[in-house]
Amino acid sequence: MRLIDSHCHLNYEGLVERQAEVLENARGRGVAGFLNISTRQREWKEIVALAEREPDVWASIGVHPHEADAHSDLGAAALVKAADHPRVIAIGECGLDYYYDKSERSAQRERFQAHIEAGRQTGLPLVVHTREAEADTAEILSEAVREGDVSGVLHCFTGSAELARKGLDLGFYVSLSGIVTFKNAQDLQEIAKWLPADQMLVETDSPFLAPVPHRGQKCEPAFVADTAIFVAGLRGEDPEDLAQTTTANFFKLFSKAA
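Cut-off values and rules
- Residues numbered from 1 in each chain as written.
- Predicted model: local features only at pLDDT ≥ 70, side-chain atom pairs only at ≥ 80, totals over all residues.
- Heavy atoms only, no water.
- Helix = DSSP H or I, 4+ residues; strand = E, 2+ residues; numbered from the N terminus.
- Buried < 20%, exposed > 50% of the residue type's maximum accessible area, 1.4 Å probe, protein only.
- Contact = heavy atoms within 4.5 Å.
- Expected span 1.5 Å × (residues − 1).
- Arc of directions from axis to C-beta.
- Polar contact = N/O pair within 3.5 Å; in protein donor to acceptor, adjacent residues only side chain to side chain.
- Pairing = 2+ DSSP bridges.
- Right-handed = clockwise from strand over helix to strand, strands pointing away.
- Phe/Tyr/Trp six-rings, centres within 6.5 Å; stacked < 30°, edge-to-face > 60°.
- Lys NZ or Arg CZ within 6 Å of the ring centre and 35° of its normal.
- Core = buried A, V, L, I, M, F, W, Y, C linked by side-chain atoms within 4.5 Å.
- 1 Å grid on protein atoms, 1.4 Å probe; cavity = no way out; pocket = protein on both sides within 12 Å on 5 of 7 lines; lining within 4 Å.
- Points joined across faces, edges and corners; volume = space filled by probe spheres on them.
- Nonpolar A, V, L, I, M, F, W, Y, C, P; charged D, E, K, R; others polar.

Moving on, we get to the environment of D205. Structurally, D205 can be placed in the loop between β8 (200-202) and α8 (224-235). A relative accessible area of 10% places D205 in the buried class. Between the alpha carbons of D205 and C8 there is a distance of 4.5 Å; along the sequence they are 197 residues apart. Setting aside chain neighbours within four positions, we find D205 in contact with H7, H9, H155 and C156.

Over its 15 residues, helix α9 (residues 239-253) extends 21 Å from the first C-alpha to the last, a length consistent with the 21 Å expected when each residue adds 1.5 Å. For α9, every residue scored as buried is listed here: L242, A243, T246, T247, N249, F250 and L253. Seen along its axis, α9 keeps its buried residues to an arc of 160°; they face one direction. Exposed side of α9, more than 90 degrees from the buried face: Q244 and K252 are the residues found there. Two or three places before E240, at the start of α9, stands the capping residue D238, its side-chain oxygen 2.7 Å from that residue's backbone nitrogen.

Here the focus is the pairing of strand β1 (residues 3-8). For β1, the buried fraction is high: 6 of the 6 residues fall into the buried class. Both β1 and strand β2 (residues 31-36) contribute to a ladder of 4 bridges, which runs parallel. The partner of I4 across the bridge, within β2, is G33. Where the polypeptide runs from β1 across helix α1 (residues 19-28) and back to β2, its parallel neighbour, the crossover connection is right-handed.

All chains considered together, the criterion is met by 6 aromatic pairs. An angle of 85° between the planes, with centres 5.8 Å apart, marks the rings of W58 and F251 as edge-to-face. Pair noted here: W58 is in strand β3 (residues 57-61) and F251 is in helix α9, with a separation of 193 residues, a long-range link. Measuring from ring centre to ring centre gives 4.8 Å for Y99 and Y100, while their planes differ by 90°; the resulting arrangement is edge-to-face. In this structure Y99 comes out as partly exposed when scored by relative accessible area, which is 44%. Residue placement shows K102 over the ring face of Y100; its charged tip is 5.3 Å from the ring centre.

For helix α5 (residues 134-147), which comprises 14 residues, the first-to-last C-alpha distance of 20 Å matches the rise-based estimate of 20 Å (1.5 Å per residue) to within 8%. Listed as buried for α5 are T137, A138, I140, L141, S142 and A144. For α5, the secondary structure elements touched by its buried residues are β4 (88-97), α4 (105-122), β5 (126-131), β6 (152-154) and α6 (161-169).

Quick look at the nonpolar core now. Grouped together as the largest cluster of nonpolar side chains are 71 residues, with contacts concentrated most on L10, F34, F112, I116, L126, L141 and F157. In this structure L141 touches F112, I116, L126, L154, L170 and F172, once residues within four positions along its chain are discounted.

Remark: the empty space left among the atoms is shown by a probe the size of a water molecule rolled over them. Across all of its chains, the model carries 1 cavity of 30 Å³ or more by this definition. The volume enclosed by the largest cavity comes to roughly 40 Å³. Along the walls of the largest cavity sit T137, A138, L141, L154, L163, K166, G167, L170 and F172, which together make up its complete lining. Where the lining of the largest cavity is concerned, the elements lending two or more residues are α5 and α6. Taken together, the residues of the lining of the largest cavity break down into 6 nonpolar, 2 polar and 1 charged.

What follows is the structure in structure tokens.
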């Protein structure tokens, strides 16, 4: 299989201490590319530096909704400037998280809009995080798409079938993480069965959310293979075909990587 881990945090504790080993483990299981995601402005330099060192690693530029309060002065201009690098292929992760509410919801929405404008100006797709914020996420993305020049992915999808369909209708991709392999994820498994093949990605969100059979372990990009095999089984597909399709989807969405 040739796979892409479309969302990982290689600079996070648990992976950064053995980064070279983690990358080799993944390559040994057929992972041919990694999108290393930033969540805070102070991470941007090291995220980009890793992408400069490793030809199969790309970088994103963004601020997680948990960090919205801590980045009150962040606007589109800073994101656009930082994204002006050949190894930066995405804006995010960005979005809304009303489950933890670690930042004021108004601040989350303001930062989200800044990322959307940065995506529009750079032509780069958004990596969208949404949790317990479906109505606002759908409204904001719908308006953004109406205004034009916005694309992206709903990453680590755990939302409703309604949100999945809304995202797909807007031209967004839906990315499945190891959560889809969990015993209590029947609703998500049903969504995985009918997702359009040409709008689906796979990811780990490592070092979090290790899939079965690695539950309880620190998640690594290598485990994206387990998620892909599981999803292929749900869909009655050959894992090789699913790997080929999701890899092609990655380069279609994140065209700067190609």
